[in-house]
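Residue-level listing of the chains:
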Amino acid sequence: MAKHKPQQKNKFSNNTPPTATASNSPSLKPVVPKVAATIESAKSLGILVNQDLKFDEALVDQFSKALPAQEHDALRAWLEQFATLGKAIKDKITEVENKQRQLEDEQLDLLEKHDALKKDGEIFTKEFAELNPKLEEYKVANAKLINRERELEERESEARNGFANQNEISLKSLRENMKSLEQQRDSIKRDIERADRQLTDSQQKKDEELHQRELEISAKQLELSRTESRLQRKLSEADRELEHYKEELNKQFEIDSRRWEEKIAQANRRAEAAFAQSNEAEKRLYEYRDLINELNGRDPQSLLNELEELRQEKRHLQTQLNNSDVGSLESENDGLKSRIQNLESRLREVEPDLEHARSELSRQRIGVAEKQGLVEEKKVLEKHKQVLTAHVNELSNKIDQLTDAQKSQTPFPALDNMDKTERFQVKLHLDEVSDLKIFAPELQRRIAYAERGVYLNYKLEDIQILLGGLAMSQLHVFQGISGTGKTSLAKAFAKAMGGHCTDIAVQAGWRDRDDLLGHYNAFEKRFYEKDCLQGLYRAQTPAYDDCCNIILLDEMNLSRPEQYFAEFLSALEKNDPKERLITLMESSMENAPKRLVEGRKIRVPQNVWFIGTANHDETTSELADKTYDRSHIMTLPRHESNTKLEKIDAQRFSYASLHKRFKEAIKVHEKEVTDLLEELTTGSLTTALEEKFNFGWGNRFERQAKQFIPVVMAAGGSKEMALDHLLATRVFRNGKVTGRYDANIDDLSHVEKALNDTWKSWKTPPTKCLEVLEQDRNRKERGA
């Protein structure tokens with residue numbers, strides 16, 4: 001690129017800039033980085049190389065002192081225009097350089113094509129040279145045949161007796177051979193002539209194309225030179241205008257200084273008022289936080305409702321206790337024990353009297369009849385005591401029998417029923433999952449007809465993304481407007497694979513895992529098992545332990561998954577599948593189902609995927625980063641197509657074979673995916689995200705990408721499509737890069753440019769990432 005002539009040194013720049021004062025114009029400070037960046041860009045492009053030109057806050061101070069206050073806004077507007085012009089010039093120069101490189105590449109391509117044509121011509125010449133000896137051989141053979149014909153004619157004339165017929169047959173055969181050889185000779189001649197013409201025509205056509213391309217390159221180079229000259233003139237005009245504005249700055253300093261001092265004073269007064277309001281708001285916030293902490297994160301009305309529910313439950317349980325057989329037996333037992341105590345006390349009272357009577361009898365020599373009566377009375381009392389004791393023992397035995405019967409009942413009736421039901425104990429016949437590239441379109445067709453009476457239209461790309469997500473995580477979130485088939489896709493996948501889908505409707509009041517799994521009633525000694533717990537246990541029975549099982553959390557963000565699903569989020573993070581356990585009770589129970597670990601924990605098996613559907617409106621909660629980072633996110637658009645896929649027979653597929661295909665894909669594409677991530681993490685996009693959004697790549701993202709991208713590739717998708725989906729749902733999602741109020745349009749544009757720079761060497765563009773960036777830019781332009 002042509003170098004610019006040295007210009008005069010800027011009179012406002014020097015090696016030691018003056019110290020900035022408190023009177024710096026706040027209206028000019030924001031443009032300092034932009035103008036400075038424009039000057040640096042010009043130097044990096046070979047413009048103003050020999051100029052000691054600087055533009056910083058010290059120079060702004062000089063402008064502020066030199067110009068009146070009312071001219072500051074005008075100067076700022078001009079400086080912003082200058083920065084914008086500089087950026088446009090830089091972009092145009094970059095575009096011109098790109099075009100020049102493109103023309104050079106095209107010229108190299110033409111040279112390569114010219115070399116190829118030369119090689120083709122050499123090949124044709126060589127083939128022609130190889131055909132010439134064959135033609136000479138045919139000529140020699142033809143001459144020999146002619147001589148042989150003459151010899152035969154002479155022999156025919158000499159030996160007419162007895163050999164006429166034989167000679168005629170031989171002569172006819174030789175003539176036919178000669179005719180065949182002549183035809184071959186003519187055919188070879190025609191082939192040589194045709195090849196020669198084709199070579200000449202092809203060479204002439206390619207020479208014309210090469211000449212035309214050279215003319216086009218010359219024209220484009222001329223246009224490039226003209227564009228460069230025009231840009232140079234515009235840059236010179238901009239330099240002259242900059243000098244003019246520098247001179248005008250000194251004229252408005254006095255007025256502008258007074259105006260800004262007054263505005264600063266007003267701003268200080270407003271700031272003091274705002275600080276006062278902020279302190280008051282902060283005080284109220286602390287009071288509110290203290291109240292929230294005391295309520296343990298729950299609103300007072302819910303606590304009152306819960307207290308009333310507990311009181312009602314207590315009264316109900318008390319009524320059940322009073323009305324139950326056990327309660328009546330215990331009451332009767334207590335009454336009998338009281339009667340026994342009364343009789344024993346009476347006996348103790350009678351015994352002294354009896355002893356006293358005996359002493360009186362012996363002393364007074366009472367009659368035998370009276371003594372016999374006392375003895376009989378004692379026997380009667382002893383007999384009565386024995387009867388009461390037997391009655392008490394009988395009641396105690398009944399109470400013990402009732403207690404033992406209660407202990408013999410299982411605390412998990414639904415789970416225990418699965419252990420006893422034959423259909424859960426019989427292994428099903430399952431088919432192997434074929435190569436993922438073949439299996440993906442088959443799965444698309446099976447899902448289309450999985451729901452009876454409904455045709456489900458999902459693109460093949462959605463199925464490829466779904467398979468990659470299944471390999472990446474056991475937790476999925478399906479987003480999209482109502483009617484896009486989020487719930488249907490989860491159910492249809494389970495049916496298409498021959499597994500089971502447990503449908504759970506999430507409620508707005510859910511707070512902990514008991515709402516999802518159920519709870520233990522200590523009085524009844526029974527666990528009330530909810531559908532999620534039954535779904536996890538079903539997936540471990542012999543009939544389903546090799547099937548693909550789904551637990552569907554419909555409208556999962558009606559409540560906060562970080563609360564009711566917290567233990568599952570922690571369990572799914574553990575590397576060892578055997579350690580993915582959810583504790584149901586603190587101590588083990590007798591007669592617990594055999595597939596519970598330690599009689600009190602439920603395992604989260606690998607063949608279960610949790611799929612949650614999420615709508616975004618005023619009735620739902622936003623998912624936290626904790627949930628997003630551990631999930632595979634799919635945003636389902638509305639699909640409308642009149643094309644119907646061909647229906648195929650239903651099958652049941654093995655989870656183990658699907659998992660095996662996932663591992664094979666990860667191993668096959670490991671090197672390619674590692675190189676792709678290396679390009680991503682060392683490219684300009686990483687730098688832009690760190691500078692503008694303080695974002696860095698984590699180990700979880702890298703681990704998930706190495707599982708997700710290879711499976712999408714093995715299913716027939718491209719690595720660029722897979723990476724685009726992963727970035728759009730994990731990095732550029734709302735609240736991470738987009739949807740932030742501390743980011744402006746320039747930040748988004750900077751990231752978008754870095755994204756395109758990183759992607760320029762790859763095949764397909766980052767469509768989804770660019771779409772979410774464009775949506776957020778439009779939102780900011782509307783002022784939303």
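Values in this document were obtained by computation on a predicted structure and should not be read as measured data.

Peer 1: How would you summarise the overall build of the protein if you had to cite specific residues and measurements?
Peer 2: The helix and strand tally for the protein stands at 24 helices and nine strands. Buried residues in the protein amount to 36% of all 784 residues. Long-range pairs, those at least 24 residues apart, make up 81% of the contacts in the protein with a sequence separation of at least 6. Of the accessible surface of the protein, which amounts to about 47200 Å², a share of 48% is contributed by carbon and sulfur atoms.

Peer 1: Provide a residue-level description of the sheet that holds strand β9 (residues 632-635), including the pertinent values.
Peer 2: Pairing is parallel across the open sheet formed by five strands, whose spatial order is β2-β5-β8-β1-β9. Two strands lie at the open edges of the sheet, namely β2 (501-505) and β9, each paired on one side alone. Neighbour-to-neighbour, the strand axes of the sheet open up by a mean angle of 20 degrees, direction not taken into account.

Peer 1: Which residues make up the nonpolar core, and what values go with them?
Peer 2: If you look at the biggest cluster of nonpolar residues, it comprises 71 residues, and the most contacted ones within it are Leu-436, Leu-443, Ile-447, Leu-685, Ile-709, Leu-727 and Phe-732. Not counting residues up to four positions away in its chain, the partners in contact with Leu-436 are Leu-658, Arg-661, Phe-662, Ala-665, Val-711, Ala-714 and Ala-715. By size, the runner-up hydrophobic cluster in this structure holds 42 residues, among which are Phe-527, Tyr-564, Met-585 and Ala-614.

Peer 1: Give me the pairing of strand β3 (residues 518-521): which residues, what numbers.
Peer 2: When β3 meets strand β4 (residues 526-529), the two strands line up antiparallel, connected through four bridges. Paired with Gly-518 across the two strands is Glu-529, which belongs to β4. The loop that links β3 with its antiparallel partner β4 comprises four residues; one of these, Lys-525, has a positive phi angle of about 55 degrees.

Peer 1: Describe the confidence of the model for the protein, listing the residues and the values that go with them.
Peer 2: Averaged over every residue, the pLDDT of the protein is 76; residues scoring 70 or more account for 63%. No element of the protein has a lower mean pLDDT than helix α5 (residues 253-294), which averages 61, and none a higher one than strand β5 (residues 549-554), which averages 96. Across residues 1-25, where pLDDT falls below 50, the model places 45 contacts with residues more than four positions away in sequence or in other chains.

Peer 1: Help me get a handle on the pattern of salt bridges, residues and values and all.
Peer 2: All chains considered together, the criterion is met by 25 salt bridges. For Arg-740, the salt bridge is made with Asp-742, and the minimal N-O distance between the two is 2.9 Å. Through salt bridges that share partners, Arg-513, Asp-514 and Glu-567 make up one connected network.

Peer 1: An account of the packing of helix α22 (residues 719-730) against helix α24 (residues 767-781) is needed here, citing residue identities and associated values.
Peer 2: Here α22 crosses α24 at 30 degrees, and the two axes come no closer than 7 Å. Taken together, the axes of α22 and α24 are roughly parallel relative to one another. Contacts between α22 and α24 involve Asp-724, His-725, Leu-727 and Ala-728 on the former and, on the latter, Thr-767, Lys-768 and Cys-769. For the contact of α22 with α24, the class distribution of residues is three nonpolar, two polar and two charged.

Peer 1: Describe in detail helix α9 (residues 413-420), supporting the description with residues and values.
Peer 2: Along α9, the positions that sit buried rather than exposed are Leu-415, Asp-416, Met-418 and Asp-419. Burial along α9 is one-sided: seen end-on, the buried residues are contained in an arc of 150 degrees.

Peer 1: Which residues make up a negative patch on the surface, and what are the values?
Peer 2: Residues Glu-104, Asp-105, Asp-109, Glu-112 and Asp-115 make up a contiguous surface patch of negative charge. With respect to the helices and strands, the residue Asp-105 is situated in helix α3 (residues 72-158). Judged by relative accessible area, which is 44%, Asp-105 ranks as partly exposed.

Peer 1: Go over the packing of aromatic side chains with me, naming the residues and quoting the values.
Peer 2: When we look at a pair of aromatic rings, we describe it by the centre distance and by the angle of the planes. A complete count under the given rule lists 13 aromatic pairs for this structure. Taking 5.1 Å as the distance between ring centres and 25 degrees as the angle between the ring planes, the aromatic pair formed by Phe-412 and Phe-527 counts as stacked. Pair noted here: Phe-412 is in the loop between α8 (368-408) and α9 and Phe-527 is in strand β4, with a separation of 115 residues, a long-range link. The same class applies to Phe-412 and to Phe-527, which are both buried. Centre to centre, the rings of Trp-697 and Phe-701 are 5.0 Å apart; their planes meet at 35 degrees, and the pair counts as tilted. For Trp-697, a relative accessible area of 21% puts it in the partly exposed group. Residue Phe-701 is classed as buried on the basis of its relative accessible area, which comes to 7%. Grouped by ring-pair contacts, the aromatic residues Phe-493, Trp-609 and Tyr-655 constitute a single cluster. Of note, Arg-526 hangs over the ring of Tyr-528, and the distance from its end group to the ring centre comes to 4.4 Å.

Peer 1: Would you mind going over the pairing of strand β8 (residues 608-614) in detail, with residue names and values included?
Peer 2: Burial analysis of β8 places seven of its seven residues in the buried class, the great majority of the element. Burial along β8 is two-sided: the residues Val-608, Phe-610, Gly-612 and Ala-614 and Trp-609, Ile-611 and Thr-613 are all buried. Across five bridges, strand β1 (residues 475-479) lies against β8 in parallel orientation. By the bridge assignment for β8, His-476 is matched with Ile-611. Strand direction decides the pairing type here: β5 and β8, joined by five bridges, are parallel. Among the inter-strand pairings, Ile-551 is bridged to a residue of β8, identified as Phe-610.

Peer 1: Mind laying out the environment of Ser-559, listing which residues take part and the relevant values?
Peer 2: Counting through the fold element by element, Ser-559 comes out in the loop between β5 and α15 (561-564). With a relative accessible area of 3%, Ser-559 lands in the buried category. Residues Ser-559 and Thr-620 lie 61 residues apart in sequence; the distance between their C-alpha atoms is 7.0 Å. When residues no more than four places from it in sequence are discounted, the contact partners of Ser-559 are Val-506, Gln-507, Ala-508, Trp-510, Arg-511 and Tyr-564. Here Trp-510 takes part through its backbone oxygen, which lies 2.6 Å from a polar atom of the side chain of Ser-559.

Rules and cut-offs
Residues numbered from 1 in each chain as written. Predicted model: local features only at pLDDT ≥ 70, side-chain atom pairs only at ≥ 80, totals over all residues. Heavy atoms only, no water. Helix = DSSP H or I, 4+ residues; strand = E, 2+ residues; numbered from the N terminus. Buried < 20%, exposed > 50% of the residue type's maximum accessible area, 1.4 Å probe, protein only. Contact = heavy atoms within 4.5 Å. Areas by Shrake-Rupley, 256 points an atom, 1.4 Å probe, with all protein chains shown as cover. Pairing = 2+ DSSP bridges. Axes fitted to C-alpha atoms, helices over the stretch in contact; angles between N-to-C directions. Core = buried A, V, L, I, M, F, W, Y, C linked by side-chain atoms within 4.5 Å. pLDDT = per-residue confidence, 0-100. Salt bridge = Lys/Arg side-chain N within 4 Å of Asp/Glu carboxyl O. Parallel < 35°, antiparallel > 145°, perpendicular 65-115°, else oblique. Nonpolar A, V, L, I, M, F, W, Y, C, P; charged D, E, K, R; others polar. Arc of directions from axis to C-beta. Patch = residues over 30% accessible without salt bridge, like charges linked within 9 Å, V, L, I, M, F, W, Y side chains within 5 Å. Lys, Arg positive; Asp, Glu negative; His and termini not counted. Charge placed at Lys NZ, Arg CZ, Asp CG, Glu CD. Phe/Tyr/Trp six-rings, centres within 6.5 Å; stacked < 30°, edge-to-face > 60°. Lys NZ or Arg CZ within 6 Å of the ring centre and 35° of its normal. Polar contact = N/O pair within 3.5 Å; in protein donor to acceptor, adjacent residues only side chain to side chain.

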